[in-house]
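# Report on the structure
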Amino acid sequence: MKGYGLVLGGGGARGLAHIGVWRVLEDAGLRPSVVAGTSMGGLVGAFVAAGYSGADLERISAGVSWRRLLDWRPGTGLIRISAMEDWLAGHLPRTFEELQLPLALTATDLLTGRGLYLTRGDLFTALRATSAYPGALDSVPVDDMLLADGGIVNQVPVDAALFFGVRRVVAVDVTAPDPLELHERRVLLWKREAGLGPVRALRRSVEIMQAGLTDARLSLYRPDVLLRPVLGNIDLMNFNRTEQAILAGKDAATRELPRLSALLS
């Protein structure tokens, strides 16, 4: 297949950086032939595959309550699932087949432990599955599977784009955990008994494990260009820092734009 594949990794609020990356790529005329994504990267990827511009996505992201749609704090996910599906219905087609570009979303079958690609049929169910963060959003039953967040095993699915037959891949990884800020480390060490708290410690541990697994997978399936926006201490839940995340994505893509243009044009 001609063209290139755009791969957008998972990362909660950090994944809003994908909007900035897409804005730069689109402005440079570098439109992909296929899109693949995980979790928030899958959601942004679905909008790209549906034909939304970077400006459209910036406007939509500024007007939506991400916490209401994708709140990964522990607790029942029923209200959030309903809100998410209603919102998706107002912006995206119901099926993969109605998208303008081929799209692959990753998910993990909790029953077998295997990762899989979702590329056909009900788009909304697939988006719920790839975003179903364990312990926060309910897993999604599909046929004989119980699907959850694709980032459990495949956070930056370069292999999914290659599956479509493209020869070039641009991937965006927003999972790499930055060190805790110096001030925060000093406070923790000074108090001695202080900790991150159980929920934050669990999220931090998952981020570290995902980063290691992602590095291992990227050594097997190497993208032609790998963008890693500098997101500082924006974590999974910092949806109030949308503008900062988008700007980080723009900066990362702009720095690599000469290389991207030479490779993809």
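Only a predicted model underlies this, so the values are computations on that prediction, with no experimental measurement involved. (Residues numbered from 1 in each chain as written. Predicted model: local features only at pLDDT ≥ 70, side-chain atom pairs only at ≥ 80, totals over all residues. Heavy atoms only, no water.)

### A look at the overall build of the protein chain
- Regarding its fold elements, the protein chain presents 11 helices and eight strands.
- Scored against the burial criterion, the 265 residues of the protein chain give a buried share of 51%.
- Summarising the internal contacts of the protein chain: among those between residues at least 6 apart in sequence, 76% fall at separations of at least 24.
- For the protein chain, the computed accessible surface area is about 12,200 Å², with 54% contributed by carbon and sulfur atoms. (Helix = DSSP H or I, 4+ residues; strand = E, 2+ residues; numbered from the N terminus. Buried < 20%, exposed > 50% of the residue type's maximum accessible area, 1.4 Å probe, protein only. Contact = heavy atoms within 4.5 Å. Areas by Shrake-Rupley, 256 points an atom, 1.4 Å probe, with all protein chains shown as cover.)

### So, empty space enclosed by the protein
- In total, this model carries three cavities of 30 Å³ or more according to the counting rule given.
- Taken together, 15 residues line the largest cavity, and the ones lying closest to its centre are Gly-11, Gly-12, Gln-155, Gln-210 and Leu-236.
- Tallying contributions element by element places helix H9 (residues 198-220) first for the lining of the largest cavity, with four residues.
- Classifying every residue of the lining of the largest cavity gives four nonpolar, seven polar and four charged. (1 Å grid on protein atoms, 1.4 Å probe; cavity = no way out; pocket = protein on both sides within 12 Å on 5 of 7 lines; lining within 4 Å. Points joined across faces, edges and corners; volume = space filled by probe spheres on them. Nonpolar A, V, L, I, M, F, W, Y, C, P; charged D, E, K, R; others polar.)

### Notes on the UniProt feature "active site" (unreviewed entry) in the protein chain
- Within this structure's numbering, the places UniProt gives as "active site" (unreviewed entry) are Ser-39 and Asp-149. In summary, the annotated positions, though distributed over 111 residues, converge in three dimensions, the widest C-alpha pair being only 6.3 Å. Narrowing the list just given to those that line the largest cavity leaves Ser-39 and Asp-149.
- Its place among the elements puts Ser-39 in the loop between strand S2 (34-37) and helix H2 (40-49).
- Given the relative accessible area of 3%, Ser-39 is considered buried.
- Inspection of the secondary structure puts Asp-149 in strand S6 (residues 145-149).
- Here Asp-149 falls in the buried class, since its relative accessible area comes to 4%. (UniProt positions renumbered as here; feature names shortened; annotations may be inferred.)

### Regarding the environment of Ala-245
- With respect to the element layout, Ala-245 can be found in helix H10 (residues 242-255).
- Linking Ala-245 and Val-174, residues 71 residues apart in sequence, is a C-alpha distance of 10.0 Å.
- Setting aside its immediate chain neighbours within four residues, Ala-245 contacts Ala-13, Leu-16, Ala-17, Leu-231 and Ile-234.

### Focus on the packing of aromatic side chains
- Scanning the entire structure with this criterion turns up four aromatic pairs.
- Joined through ring pairs, the aromatic side chains of Phe-47, Tyr-52 and Trp-87 make up one cluster. (Phe/Tyr/Trp six-rings, centres within 6.5 Å; stacked < 30°, edge-to-face > 60°.)

### Digging into the pattern of salt bridges
- All told, the structure shown has 12 salt bridges when counted by the stated rule.
- Its salt-bridge partner being Arg-94, residue Asp-122 comes within 3.1 Å of it at the nearest N-O pair. Of the two residues, Asp-122 is situated in the loop between strand S4 (115-118) and helix H6 (123-130) and Arg-94 in the loop between helix H5 (78-89) and strand S3 (103-109); the sequence distance between them amounts to 28 residues.
- What makes Asp-122 partly exposed here is its relative accessible area of 31%.
- Several salt bridges share partner residues, and in doing so they unite Arg-23, Asp-27, Glu-58 and Lys-250 into one network. (Salt bridge = Lys/Arg side-chain N within 4 Å of Asp/Glu carboxyl O.)

### What to know about a nonpolar patch on the surface
- Taken together, Leu-162, Leu-220 and Tyr-221 make up a surface patch of nonpolar side chains, about 300 Å² in accessible area.
- Secondary-structure assignment places Leu-162 in helix H7 (residues 158-163). (Patch = residues over 30% accessible without salt bridge, like charges linked within 9 Å, V, L, I, M, F, W, Y side chains within 5 Å.)

### Digging into the nonpolar core
- Of all hydrophobic cores here, the largest spans 59 residues; its most connected members are Leu-92, Leu-103, Leu-118, Leu-123 and Leu-127.
- By residue number, the principal contributor to this core is H2, which donates seven residues.
- Each residue touching Leu-103, except ones within four places of it in the same chain, is listed here: Val-35, Gly-45, Ala-46, Ala-49, Phe-96, Leu-118, Thr-119, Leu-123 and Phe-164.
- Core analysis: the next-biggest nonpolar cluster, separate from the first, contains 12 residues, Val-34, Ala-104, Val-166 and Leu-218 among them. (Core = buried A, V, L, I, M, F, W, Y, C linked by side-chain atoms within 4.5 Å.)

### A few points about helix H3 (residues 54-63)
- Burial in H3 covers these residues: Gly-54, Leu-57, Ile-60 and Ser-61. Buried positions in H3, seen along its axis, are confined to an arc of 125° and lie on one side of it. Along H3, exposed side chains directed more than 90 degrees from the buried face belong to Arg-59, Ala-62 and Gly-63. (Arc of directions from axis to C-beta.)

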